[in-house]
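# Tertiary structure, described
Residue strings, one per chain:
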Amino acid sequence: AFAAYSFACFVGFCLLLKKLCSQETASILATIMQILLLFIPLLQVQYYGLYQLPITEAGAVAVLQTNVNEAKEYLLLNIGIVGIVLTILLLACLIYILYKNCVYYN
């Protein structure tokens, strides 16, 4: 149900942007909205890739109760610098692809 509601809201958001904003502004805002909507599924896929389990309640509580220093240490120990850099590069490529797709769609 979340996916259906998200899709409907995103389509409505894009149609509203198309009417109210220039093509460039609409593309940027639509790309930001897509990244925000993709954040949860991508986080779940990455968690599953690391632990071979979906995010549990205990895992979610642990994430919510952490601080910045613990998060840095966790990322460096489990993913490493190379993994962090690759994740940033993949995210940058995803943003670029989504942005270009929005520019050509409008």
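See the structure printed just above.
All values derive from a computational prediction rather than experimental measurement.

## Here we look at the overall build of the protein
For the protein, the count of helices and strands is five helices and zero strands. The C-alpha radius of gyration computed for the protein amounts to 17 Å, which surpasses the reference 13 Å derived for 106 residues by more than 25%, pointing to a less compact arrangement than a globule. Each of the three principal axes of the protein carries a C-alpha extent, and together these read 45 × 30 × 25 Å. A total of 106 residues make up the protein; the buried ones form 13% of that total. Within the structure as shown, the protein displays about 8400 Å² of accessible surface, and the carbon and sulfur contribution to it stands at 74%.

## A closer look at the nonpolar core
With five residues, the main nonpolar core is built from Phe10, Leu17, Ala26, Ala30 and Cys102. Counting only elements with at least two residues in this core, the list comes to α1 (2–20) and α2 (23–51). In contact with Cys102, other than residues within four places in its own chain, are Ser27, Ala30, Thr31 and Gln34.

## Remarks on the layout of surface pockets
Approximately 1100 Å³ is the volume found for the largest pocket. If you go around the largest pocket, you meet 28 residues; those closest to its centre are Phe39, Leu43, Gln46, Leu75 and Ile79. Listing elements by their share of the lining of the largest pocket, those giving two or more residues are α2, α3 (57–64), α4 (68–78) and α5 (80–105). The greatest single-element share of the lining of the largest pocket, amounting to 10 residues, is contributed by α2. Grouping the amino acids of the lining of the largest pocket by side-chain chemistry returns 23 nonpolar, four polar and one charged.

## A few points about the packing of α1 against α2
At a closest axis distance of 10 Å, the pairing of α1 and α2 adopts a crossing angle of 170 degrees. Classified by the angle between their axes, α1 and α2 sit roughly antiparallel to one another. Along this stretch, α1 crosses α2, giving a crossing that reads as right-handed. Residues Ser6, Phe10, Phe13, Cys14 and Leu17 of α1 pack against Ala26, Leu29, Ala30, Met33, Gln34 and Leu37 of α2.

## Here we look at α4
Two or three places before Asn69, at the opening of α4, Asn67 has a side-chain oxygen 3.1 Å from that residue's backbone nitrogen. The positive-phi residue at the C-terminal boundary of α4 is Gly80, with phi of around 85 degrees.

About the cut-offs
What you see as residue numbers is a count from 1 along each chain, following the sequence as written. Only residues with pLDDT of at least 70 get local features here, since the model is predicted, and only at 80 or more are side-chain atom pairs given and counted; chain-wide, interface and lining totals rely on the full set of residues. Excluding hydrogens and water, the side-chain figures rest on all heavy atoms present in the structure. Only runs of H or I of at least four residues qualify as helices and only runs of E of at least two qualify as strands under DSSP, and these elements are numbered from the N terminus. The atom set for the radius of gyration is the C-alpha atoms, and the globule formula is 2.2 Å times the number of residues raised to the power 0.38. For every residue, the accessible area (1.4 Å probe, protein chains only) is compared with the maximum for its type, and the residue is labelled buried under 20%, exposed over 50%, or partly exposed between those bounds. To measure how exposed things are, a 1.4 Å probe is used in the Shrake-Rupley method; for residues, cover is taken only from the protein chains shown. Each nonpolar core is a collection of buried residues, namely Ala, Val, Leu, Ile, Met, Phe, Trp, Tyr and Cys, held together in the definition by side-chain atoms within 4.5 Å. A contact between two residues is defined here by any heavy atoms of the two lying within 4.5 Å. The method works on a 1 Å grid over the protein atoms by themselves. A cavity is a set of points holding a 1.4 Å probe that cannot get out, a pocket is an open set with protein on both sides within 12 Å along at least five of seven lines, and residues with an atom within 4 Å of a point line them. Grid points are joined across faces, edges and corners, and a volume is the space filled by probe spheres set on the points. Here the term charged refers only to Asp, Glu, Lys and Arg, the term nonpolar to Ala, Val, Leu, Ile, Met, Phe, Trp, Tyr, Cys and Pro, and the term polar to all other amino acids, Gly among them. What counts as an axis is a line fitted to C-alpha atoms, over the stretch in contact for a helix, and the angles between N-to-C directions run from 0 to 180 degrees. In these notes the angle categories are as follows: under 35 degrees is roughly parallel, over 145 is roughly antiparallel, 65 to 115 is roughly perpendicular, and the rest is oblique. Throughout, a crossing is termed right-handed when the near helix is turned clockwise from the far one, and left-handed when it is turned anticlockwise from it by less than a right angle. N or O atoms within 3.5 Å of each other form a polar contact, as long as, within protein, one can give a hydrogen and the other can take it, and as long as residues adjacent in sequence are counted only when both atoms are side-chain atoms.

On their own, these measurements won't tell you what the molecule is for.
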